[in-house]
Amino acid sequence: MDLGLQDRVAFVAGASSGLGLAVAVALAQEGCRVAICSRDEDRLAVAARKIAWEGGTKPSNVLPVVCDVTDEAQIEAAVERTVAQFGGLHIMITNAGGPPTGFIDDFDADAWRGGLELNLMSTINLCRAALPHLRRAAAADGHARILMITSVAAKQPVPNLYLSNTARAGVQGFAKTLSEELGPAGITVNTILPGFTRTDRLKHFVTEIQAHSDKTKAQIEAGWAEANALKRIGEPEEFAAAAVFLVSGPAAYITGIAFPVDGGRIKHLL
Ligand SMILES: NC(=O)c1ccc[n+]([C@@H]2O[C@H](COP(=O)([O-])OP(=O)(O)OC[C@H]3O[C@@H](n4cnc5c(N)ncnc54)[C@H](OP(=O)(O)O)[C@@H]3O)[C@@H](O)[C@H]2O)c1
């Protein structure tokens, strides 16, 4: 299937490692020009080289931009730089790191604000910055795409992940509302919900969980795998394949959905 991604311009946030990086590689392999952001210049430079190498594309087709997605001004500057470099923007993929775990008494008001800035406000502000350019792209050739990387927590809260569980629900409400408004312009808006997937985030998460548990890390991971229909932890490339399809040309009639890539973790019928 031709995914219609050749020469399209994508911005992938939080893409120096993990899911964002895997998505950026997969987009480059499909012929996209890709801007990636994260906070650390050195990690970004390494990621940009990996994307060009594994994506089989010229280094000039990959733009690393240092940007903390909790800072609105940095987001605006990063999106403007992308458009200046590549001449437009067709695809916005929102993403960031995950917030800390804990019990209700562990979080003061500042911690709550931090979690919401990281996973809710960043999503809204990335979309706001991208919108004028996505509207222009859709007006020119009929379509543009927004995809928000969230978590299975959007459908099924994960124990001790208060900040994530709360922010993801907000993102879902934002995405569904935005999909209605942007539909007539040909801009699709979807969320994609990773389950347990082998990234740095998962390593930190298992360490945090182990601090409150008498189980080993291996036992904790085995429990996660066992709760999935497929009985294993996912790989970033498996997540990326689904993400790439959702921002592709053939995904034109899919909008307003929350798409789990979770190995059968979520147990709801719908
Ligand atoms: N992996 C899983 O099993 C899983 C499951 C459910 C949900 N998720 C969610 O999926 C998202 C991505 O997870 P991941 O596993 O790919 O995590 P990861 O491997 O830790 O990667 C996170 C990426 O985001 C960047 N980042 C973090 N904070 C940022 C900020 N303020 N501004 C810009 N970039 C930032 C990091 O780079 P720098 O640190 O250099 O900025 C890194 O590139 C997270 O929200 C996570 O909670 C993951």
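Bear in mind the structure is a predicted one, so any value in this text is a computation, not a measurement.

Let us now look at the site of the ligand. Around the ligand, 31 residues are found, and the nearest of them are Ser16, Leu19, Arg39, Thr197 and Thr199. Within the backbone of Gly97, an N or O atom sits 3.1 Å from an oxygen atom of the ligand. Considered on its own, the ligand offers 880 Å² of accessible surface; in the complex 92% of this is hidden by protein. Sorting the residues of the shell around the ligand by element identifies α1 (18-29), α4 (109-141) and α6 (200-210) as the ones contributing at least two each. Take the shell around the ligand: its biggest share by element is three residues, from α6. When its residues are assigned to classes, the shell around the ligand shows 10 nonpolar, 14 polar and seven charged. Taken together, domain 1 (9-195 + 235-260) and domain 2 (198-233) each give at least three residues to the shell around the ligand, which thus spans both.

This part covers the sheet that holds strand β1 (residues 9-12). With parallel pairing, the seven strands of this open sheet are ordered in space as β3-β2-β1-β4-β5-β6-β7. Two strands lie at the open edges of the sheet, namely β3 (62-66) and β7 (258-261), each paired on one side alone. Sheet twist, expressed as the average angle between the axes of neighbouring strands with direction ignored, equals 20 degrees. As paired elements, β1 and strand β2 (residues 33-38) share four bridges and run parallel to each other. Residue pairing in the sheet places Ala10 in a bridge with Val34 of β2. With respect to the sheet, helix α2 (residues 41-55) is in contact with β2 and β3, its orientation differing from that of β3 by roughly 165 degrees. Along the sheet, α4 makes contact with β1, β4 (91-94), β5 (144-149) and β6 (187-194), crossing β5 at roughly 165 degrees.

What counts and what doesn't
- Each residue is numbered by its place in its chain's sequence as written, counting from 1.
- With the structure being a predicted model, the display of local features is reserved for residues of pLDDT at least 70 and the display and counting of side-chain atom pairs for 80 or more, all residues being used for whole-chain, interface and lining totals.
- Only hydrogens and water are set aside; all other atoms, that is, all heavy atoms of the structure, feed into the side-chain values.
- Each residue is tested against the molecule or strand, and it is near if at least one of its non-hydrogen atoms lies within 4 Å.
- Definition of a polar contact: a pair of N or O atoms within 3.5 Å, with one able to donate and the other able to accept a hydrogen when the atoms are protein atoms, and with sequence-neighbouring residues admitted only if both atoms are side-chain atoms.
- Only the protein chains shown count as cover for residues, with accessible areas throughout obtained via the Shrake-Rupley method and a probe of 1.4 Å.
- Where helices and strands are cited, they refer to DSSP runs of H or I of at least four residues and of E of at least two residues respectively, numbered from the N terminus.
- Basically, the charged four are Asp, Glu, Lys and Arg, the nonpolar ten are Ala, Val, Leu, Ile, Met, Phe, Trp, Tyr, Cys and Pro, and anything else, Gly included, counts as polar.
- Those domain boundaries reflect an automatic or database domain assignment.
- The pairing criterion for strands is at least two bridges between them, as found by DSSP.
- Note on definitions: angles span 0 to 180 degrees between N-to-C directions of axes, and those axes are lines fitted to C-alpha atoms, for helices only across the stretch in contact.
- Residue contacts follow a heavy-atom distance rule, with two residues in contact if any of their heavy atoms lie within 4.5 Å.

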